[in-house]
Amino acid sequence: MIELERIRPEVLRGSFPMVCGDCRYTDVGTGWRGIVWQMCLDLERLPAGSVKITELGEKMGGLRVSMHTDGLSPEQEAAVRLAKVLAEERSRYLCEVCGEIGSIRRPPDGSAEWLRCRCHRHMPRDQTAWPIIRRERRHRIGGQYWVYDHLLDRMRVDELTAEKIYQTYRGILSVGAVDHVPVGWLAILDEYLRAAATSMEGADFRIQRIVEAHGGLDLESTSRPMSMTDPRFDSLERLGILLEARSLTTCRECGRRGHGYAIDGDIQTLCDDHAVGTLIRERDLGFVRATLDGFVRYDIETDSLVDVEHPAGDA
Ligand SMILES: [Zn+2]
Ligand SMILES: [Zn+2]
């Protein structure tokens, strides 16, 4: 068994007082020192006191950074998350003991062995035959999806296309169902489909088509056999309402925060940069929809649905 030398919290606090001054707990090896240091250097460029790392731990064999942020703009918040995710993704390719090229191996079923990122030298001999875990993770940051590009060693935007979405969720999509979805809404649609596919697993659920209507996304689906008392009905209904609410506040062209604009007798949801036509102010007043057992309001700050007593929308 190799004794793992760990990054000490006091060393971290001393090196990066602004970002790590509150860090009380670390449980990761010095092989990851380089990636942690690089992350802290990036985070130090943000306003003093706005980012505080509280813990460095390990999850599923990789680095896991816990932190608080305070008073950051959405762009700064995205920069912080990118720095954090970059460090965490890098750690999955570097030996935690020595910092050489490493990999995370999948233990055989029933093994009590933990997932660890190790180089060949620091991996117990019997584990070198285990399969390498290479799962590409997609991170939603600043309204876009990002993946870690290992060859270029950086985060890059994962461009979503209607075709990619169709291929991913063809199990619940009719042919051509997503062909007319504006590109700015693909990310929120992708999120909806992922949640709906999970929630409706095993059910005969299918989406015929998804179209733009009145500045938002409108969805035609069937699910048989399912009664309205099925709890899945409730969760699916809420997912659909959330998708509609998000589309009404997301630019159809670019995915940033959007507002309703009247143009040529039509309504389009657009950001400030893509705006054409006349801003419809009333539409920003609130979004409330009836559900089977009441009303829900969309809260844009938390990006979630809130139960409300009556359609006027006040909780
Ligand atoms: Zn090593
Ligand atoms: Zn836009």
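Refer to the structure above for everything that follows.
In what follows, the accompanying structure is described.

Here is what the cut-offs are and how they apply
Residues numbered from 1 in each chain as written. Chains lettered and ligands numbered in written order. Predicted model: local features only at pLDDT ≥ 70, side-chain atom pairs only at ≥ 80, totals over all residues. Heavy atoms only, no water. Donors = N, O, S within 2.8 Å, 3.2 Å for Na, K, Ca; no water. Tetrahedral: all angles 85-135°; square planar, octahedral: opposite > 155°, others 65-115°. Buried < 20%, exposed > 50% of the residue type's maximum accessible area, 1.4 Å probe, protein only. Pairing = 2+ DSSP bridges. Helix = DSSP H or I, 4+ residues; strand = E, 2+ residues; numbered from the N terminus. Axes fitted to C-alpha atoms, helices over the stretch in contact; angles between N-to-C directions. Contact = heavy atoms within 4.5 Å. Expected span 1.5 Å × (residues − 1). Right-handed = clockwise from strand over helix to strand, strands pointing away. Parallel < 35°, antiparallel > 145°, perpendicular 65-115°, else oblique. Core = buried A, V, L, I, M, F, W, Y, C linked by side-chain atoms within 4.5 Å.

Within the protein, the zinc ion (ligand 1) binds to Cys95 (SG), Cys98 (SG), Cys119 (SG) and His122 (ND1); these donor distances fall in the range 2.1 to 2.3 Å. Each of the four donor atoms bound to the zinc ion (ligand 1) contributes to angles spanning 99 to 113°, and the resulting shape is tetrahedral. In terms of primary sequence, the donors binding the zinc ion (ligand 1) are separated according to C-x2-C-x20-C-x2-H. With relative accessibility at 28%, the residue Cys98 sits in the partly exposed group.

Time to look at the sheet that holds strand β7 (residues 144–149). Overall, antiparallel pairing links the three strands, which are arranged β6-β7-β8 in an open sheet. The strands lining the two open edges of the sheet, one partner per strand, are β6 (139–141) and β8 (154–157). Strand-to-strand, the axes of this sheet are offset by a mean angle of 45°, without reference to chain direction. Pairing geometry for β6 and β7, over three bridges, is antiparallel. Directly across from His139, in β7, lies its bridge partner Trp146. Contacts from helix α4 (residues 74–91) reach β6, β7 and β8, with the element oriented near 160° to β6.

As a further point, take α4. If you check α4, its first and last C-alpha atoms are 26 Å apart, about what 18 residues at 1.5 Å a residue would give, namely 26 Å. Where α4 is concerned, the buried positions are Ala78, Val80, Leu82, Ala83, Lys84, Val85, Leu86, Ala87, Glu88, Glu89, Arg90 and Ser91.

On to the pairing of strand β2 (residues 51–59). Direction of pairing for strand β1 (residues 25–26) relative to β2: parallel, over a ladder of two bridges. Paired with Thr26 across the bridge in β2 is Leu56. Crossover β1 to β2 through helix α3 (residues 33–43) is left-handed. Where β2 lies against strand β3 (residues 62–69), eight bridges are found, and the strand directions are antiparallel. Within the sheet, the bridge partner assigned to Val51 lies in β3 and is Thr69. The turn joining β2 and β3, which pair antiparallel and follow one another in sequence, is formed by two residues; a positive phi near 50° is taken by Met60.

What follows deals with the coordination of the zinc ion (ligand 2). Protein-derived coordination of the zinc ion (ligand 2) comes from Cys251 (SG), Cys254 (SG), Cys271 (SG) and His274 (ND1), at a distance range of 2.1 to 2.3 Å. With four donor atoms in place around the zinc ion (ligand 2) and angles of 100 to 114° between them, the coordination shape is tetrahedral. Here the donor residues of the zinc ion (ligand 2) are spaced in sequence according to C-x2-C-x16-C-x2-H. Among the residues examined, Cys271 registers a relative accessible area of 3% and is labelled buried.

Of note, the phi angle at Met60 is positive, near 50°, even though the residue is not glycine. Secondary-structure assignment places Met60 in the loop between β2 and β3. Note on Met60: relative accessible area 53%, which makes it exposed. In this structure, His214 takes a positive phi of about 55° despite not being glycine. Tracing the sequence through the fold places His214 in the loop between β9 (204–213) and β10 (216–224). Under the relative-accessibility criterion, His214 is labelled exposed at 65%.

This paragraph deals with the sheet that holds β3. Within the open sheet, the three strands sit side by side as β1-β2-β3. Their pairing is mixed. The sheet is open, and its two edges are formed by β1 and β3, each paired on a single side. Packed on one face of the sheet, α3 meets β2 and β3 and runs near 160° to β2.

Remark: α3 packs on α4, axes separated minimally by 9 Å, with the N-to-C direction vectors making an angle of 175°. Judged on the interaxial angle alone, α4 and α3 are roughly antiparallel. Between α3, through Ile35, Gln38, Met39, Asp42 and Leu43, and α4, the contact on the second element is made entirely by Val80, Ala83, Lys84, Ala87, Arg90 and Ser91.

With that settled, the discussion passes to helix α7 (residues 231–248). Given a rise of 1.5 Å per residue, 18 residues ought to cover 26 Å, and the 26 Å separating the end C-alpha atoms of α7 matches this to within 8%. Along α7, the residues classified as buried are Leu236, Leu239, Ile241, Leu242, Leu243, Ala245, Arg246, Ser247 and Leu248.

Formed by 29 residues in total, the largest nonpolar core has its most connected members in Leu12, Leu43 and Ile53. The set of elements that each furnish at least two residues to this core consists of α2 (17–20), α3, β2, β3 and α4. Residue contributions to this core peak at six residues, all from α3. Excluding residues within four positions of it along the chain, Leu12 makes contact with Ile7, Cys20, Cys23, Thr26, Val36, Trp37 and Leu56. Within the second largest apolar cluster, 26 residues are counted, among which are Ala177, Val181, Trp185 and Leu189.

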